[in-house]
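These are the residues of each chain, in order.
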Amino acid sequence: PSLAVFVSGSGSNFKAIHAAILEGKIKAEIAAVVSDVPSCGGVQYAQACGIPTLTYPIPKKGGSEGLNVEQIVEALKVKHSVDYVILAGYLKLIPSSLVAAYPRAMLNIHPGLLPSFGGKGMYGERVHKAVVASGVRFTGPSVHFVDEEFDTGAILAQRVVPVYPTDTAKDVAARVLKQEHVVYPEAVAALVDGRITWRDDGIPIMWSAH
Ligand code: GRF
């Protein structure tokens, strides 16, 4: 199967997924990396790996490169024959036409235990600041299917880490990010292996490999 990975920043989740592919843990290949930030770390890493990169959406300040939503759907579906879309530190909302093009085939990772600490504007450091401020004693990453809103799609996998009252947001961010790099490759492997079934009420079940 073929993946497109969407990034906006350092791309550490993209790198973890790429490493899992190289180790044979994810039986797929990355056909393209898509980003709204052409200069970000994730794009630079993709280019160093010889993976095609696409700019989407068209940058606000114009510029020649960049695709609109119709062009990106066409590029993924036709040019790159992408089977699954993996959002990995991608911060823009996915338009409904792109969501609709990948039913039960588009994942995102959020650095909090959805449905808590999620939604529009809740990303990166902001999530961990809210977690510290709330006094909760556990947090962790959530992998979920993508729908038309931020962080509201069906949850597929989560991992839990402790939050200590003495933690800073940076302490929590590092503890969560470590687990992101475990749970996301596992979830992507299950997706491409077809090891996900769906409950009648729309909740996905991830089955282990062995
Ligand atoms: C991480 O907090 C991740 O959970 C969120 O974006 C942040 C950066 O991800 N989706 P990455 O390092 O660019 O993969």
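Given the structure is predicted, the values throughout are model-derived calculations rather than measurements. (Residues numbered from 1 in each chain as written. Predicted model: local features only at pLDDT ≥ 70, side-chain atom pairs only at ≥ 80, totals over all residues. Heavy atoms only, no water.)

Engineer: Quick rundown of the nonpolar core? Include the residues and the values.
Structural biologist: In terms of nonpolar packing, the biggest core is built from 58 residues, with Leu3, Phe6, Ile72, Leu76 and Leu98 touching the most fellow members. Ranked by residues supplied to this core, first place goes to helix α6 (residues 169-193) with eight residues. Sequence-distant contacts of Ile72, that is, excluding residues within four places in its chain, are made with Val34, Leu54, Tyr56, Leu67 and Leu98. Counting residues in hydrophobic clusters, the runner-up holds six residues, among them Val131, Val161, Val163 and Val172. (Core = buried A, V, L, I, M, F, W, Y, C linked by side-chain atoms within 4.5 Å. Buried < 20%, exposed > 50% of the residue type's maximum accessible area, 1.4 Å probe, protein only. Helix = DSSP H or I, 4+ residues; strand = E, 2+ residues; numbered from the N terminus. Contact = heavy atoms within 4.5 Å.)

Engineer: How would you summarise unusual backbone geometry if you had to cite specific residues and measurements?
Structural biologist: The omega torsion of the bond from Tyr56 to Pro57 falls at -5 degrees, within 30 degrees of zero and hence cis. Positionally, Pro57 belongs in the loop between β3 (53-55) and α3 (69-79). At the junction of Leu114 and Pro115, the peptide bond is cis and its omega measures out at 5 degrees in the coordinates. By the secondary structure assignment, Pro115 is in the loop between β5 (106-110) and α5 (125-134). One non-glycine residue, Ser81, adopts positive backbone phi at about 45 degrees. Position of Ser81 among the secondary structure elements: in the loop between α3 and β4 (84-87). Note on Ser81: relative accessible area 44%, which makes it partly exposed.

Engineer: Lay out the UniProt feature "domain: Formyl transferase N-terminal" (unreviewed entry) in the protein with the relevant residues and their values.
Structural biologist: Feature annotation in UniProt places "domain: Formyl transferase N-terminal" (unreviewed entry) on residues 3-188, given in this structure's numbering. With 36% helix and 19% strand, residues 3-188 has its two end C-alpha atoms placed 9 Å apart. (UniProt positions renumbered as here; feature names shortened; annotations may be inferred.)

Engineer: Which residues make up the site of the ligand, and what are the values?
Structural biologist: Surveying the vicinity of the ligand reveals the residues Ser10, Gly11, Ser12, Asn13, Ala88, Gly89, Ile109, Pro111 and Glu180. Here a nitrogen atom of the ligand and a backbone polar atom of Gly89 are 3.5 Å apart. Within the side chain of Glu180, a nitrogen or oxygen atom sits 2.8 Å from an oxygen atom of the ligand. Its free accessible area being 360 Å², the ligand has 86% of it covered by the protein chains. When atom positions are compared with the pocket grids, the ligand is found to occupy the largest pocket. (Near = heavy atom within 4 Å. Polar contact = N/O pair within 3.5 Å; in protein donor to acceptor, adjacent residues only side chain to side chain. Areas by Shrake-Rupley, 256 points an atom, 1.4 Å probe, with all protein chains shown as cover. 1 Å grid on protein atoms, 1.4 Å probe; cavity = no way out; pocket = protein on both sides within 12 Å on 5 of 7 lines; lining within 4 Å. Sits in = over half its atoms within 2 Å of the grid points.)

Engineer: Please set out the packing of helix α1 (residues 12-22) against helix α2 (residues 41-49) residue by residue, giving values where relevant.
Structural biologist: Any two packed helices are characterised by how steeply their axes cross, that is the angle between the axes, and by the distance between the axes. Running from N to C, α1 and α2 cross one another at 30 degrees; their axes reach a closest spacing of 9 Å. Between α1 and α2, the interaxial angle falls into the category roughly parallel. Note on packing geometry: the crossing formed by α1 with α2 is right-handed. In this structure, α1 contributes Phe14, Lys15 and His18 to the contact, and α2 contributes Gly42, Tyr45, Ala46 and Cys49. A breakdown of the residues in the contact of α1 with α2 according to their chemical character gives four nonpolar, two polar and one charged. (Axes fitted to C-alpha atoms, helices over the stretch in contact; angles between N-to-C directions. Parallel < 35°, antiparallel > 145°, perpendicular 65-115°, else oblique. Left-handed = near helix turned anticlockwise from the far one by under 90°. Nonpolar A, V, L, I, M, F, W, Y, C, P; charged D, E, K, R; others polar.)

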